[in-house]
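For reference, the chains in residue letters:
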Amino acid sequence: MSRSVEIGSVPSAVTADDVGLAVRLAVGVLGDAPPHGWDARAGSLEWDCWETVEHLANDLVYYAVQLGPQSPPLDTHVPFALRRKRPDGPAYFLLAERDAGPAGLVQVLEACGALLAAMVRTTPPHVRAHHAAGVSDPEGFAAMGVVETLVHTHDVAEGLGLDWTPPAALCSRALARLFPQAPQGADPWLTLLWATGRAELPGHPRLTTWRWTSTPRSRS
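Residues numbered from 1 in each chain as written. Predicted model: local features only at pLDDT ≥ 70, side-chain atom pairs only at ≥ 80, totals over all residues. Heavy atoms only, no water.

(A) Representation of the overall build of the protein chain. When its secondary structure is counted, the protein chain shows 6 helices and 2 strands. When the helices and strands of the protein chain are read in sequence order from the N terminus, they spell out α-α-β-β-α-α-α-α. Its C-alpha atoms give the protein chain a radius of gyration of 17 Å, within 12% of the compact-globule value 17 Å for 220 residues. Viewed in the frame of its principal axes, the protein chain has a C-alpha envelope of about 50 × 45 × 30 Å. Evaluated residue by residue, the protein chain yields a buried proportion of 51% over its 220 residues. Across the protein chain, the fraction of contacts at a sequence separation of at least 24, relative to all contacts at a separation of at least 6, is 70%. By element, 55% of the accessible surface of the protein chain is carried by carbon and sulfur atoms, the whole surface being about 10,500 Å². Looking at charge distribution, the protein chain has the averaged site of its 17 positive side-chain charges lying 7 Å from that of its 23 negative ones. (Helix = DSSP H or I, 4+ residues; strand = E, 2+ residues; numbered from the N terminus. Rg over C-alpha atoms; globule rule 2.2 N^0.38 Å. Buried < 20%, exposed > 50% of the residue type's maximum accessible area, 1.4 Å probe, protein only. Contact = heavy atoms within 4.5 Å. Areas by Shrake-Rupley, 256 points an atom, 1.4 Å probe, with all protein chains shown as cover. Lys, Arg positive; Asp, Glu negative; His and termini not counted. Charge placed at Lys NZ, Arg CZ, Asp CG, Glu CD.)

(B) Molecular detail of the state of the cysteines. With the rule as written, the count across this model stands at 0 disulfides. Here C49 is not cross-linked by a disulfide; its sulfur's nearest cysteine counterpart is in C112, at 18 Å. Just so you know, C171 is unpaired, no disulfide at all, and the nearest cysteine sulfur is the one on C49, 20 Å from it. Exposure remark for C171: the relative accessible area of 0% places this residue in the buried category. (Disulfide = S-S within 2.5 Å.)

(C) Molecular detail of the nonpolar core. Counting residues in each nonpolar core, the largest one holds 63 residues, and the members touching the most others are W38, L150, F179 and L192. Mapped onto this core, the elements with two or more residues apiece are α1 (16-31), α2 (49-66), α3 (101-122), α4 (138-160), α5 (168-178) and α6 (188-195). Not counting residues within four places of it along the chain, the set of residues in contact with W38 comprises L30, A33, D48, C49, W50, V53, P102, L105, V156 and L160. (Core = buried A, V, L, I, M, F, W, Y, C linked by side-chain atoms within 4.5 Å.)

(D) Structural detail: the packing of aromatic side chains. The final tally for this structure, using the stated rule, is 6 aromatic pairs. For the pair Y62 and Y63, a centre-to-centre distance of 5.9 Å together with 70 degrees between the ring planes defines the contact as edge-to-face. Through successive ring pairs, a cluster of aromatic residues spans Y62, Y63 and F141. Cation over ring: R98 sits above W50, and NZ or CZ is 4.0 Å from the ring centre. (Phe/Tyr/Trp six-rings, centres within 6.5 Å; stacked < 30°, edge-to-face > 60°. Lys NZ or Arg CZ within 6 Å of the ring centre and 35° of its normal.)

(E) Main features of the environment of L192. Its place among the elements puts L192 in helix α6. Taking relative accessible area as the criterion, L192 reaches 0% and is therefore assigned buried. Those residues in contact with L192, other than ones at most four positions away along the chain, are V147, L150, V151, C171, L175 and F179.

(F) Quick look at the confidence of the model for the protein chain. Averaged over all residues, the pLDDT of the protein chain is 93; the fraction at 70 or higher stands at 94%. In the model, residues 1-9 has pLDDT below 50 throughout and makes 21 contacts with residues more than four positions away in sequence or in other chains. (pLDDT = per-residue confidence, 0-100.)

(G) Main features of the pattern of salt bridges. Counted according to the given criterion, the structure contains 8 salt bridges. The partner of D17 in a salt bridge is R121, and the shortest N-O contact between them spans 2.7 Å. On the criterion of sequence distance, the pair formed by D17 in helix α1 and R121 in helix α3 is long-range, its members being 104 residues apart. One salt bridge connects R41 with E46, and the closest N-O pair in it is separated by 3.3 Å. By relative accessible area, R41 is classed as partly exposed at 48%. Three or more residues are tied together by salt bridges with common partners; here these are D137, E139 and R177. (Salt bridge = Lys/Arg side-chain N within 4 Å of Asp/Glu carboxyl O.)

(H) How the structure looks around the environment of G31. Mapped onto the elements of the fold, G31 is located in helix α1. Counting along the chain gives 75 residues from G31 to V106, while the straight-line C-alpha distance between them is 6.5 Å.

(I) Region of the structure containing the environment of P166. Note on placement: P166 falls in the loop between α4 and α5. By relative accessible area, P166 is classed as buried at 5%. In this structure, P166 is in contact with L150, C171 and W189, ignoring residues within four places of it in sequence.

Shown next as structure tokens:
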């Protein structure tokens, strides 16, 4: 088995532009999906494609609002109330209007991504806010938004029978920020799928549990 090493000594920062790019690419592929089949299972998840996109939209807004208060809490999240439509479904605090169809759902995703990008772009880099995987900074929330977007679009693309391969450079930046000990040498997209429990890598079996590290990185 190969040794896991840090991906680059001084990796490029994940930015608001990366959030915008990830969401724009996701909207592009999902916007071309057929109007039927959104109740199909999303890849290896227990959720269907519709609720997986709703979950993604909620994630993006959730990350945005953590940065919103003048003094963000460091010991818990900003207390939006969460609900579930069904016991095994994702938690949410916003929903897409079902009558608006997949086009409306994708528009909700696009809008939520824009909110996160705007918050990352306008929040000073010294700001810290709570996350369960470690108190994070605007770059960390940007990276989490990028990873959520890339891997959940993968899940939905599998469920809808769509092709989806995001840019390697974008995957590399997200890996370096959230998974600094991920194995080197393989395709960054496949490595990101491995790091999030969705694929195997040579010498590295598929993970049954995984967790990123959202604490800030030193770039000195």
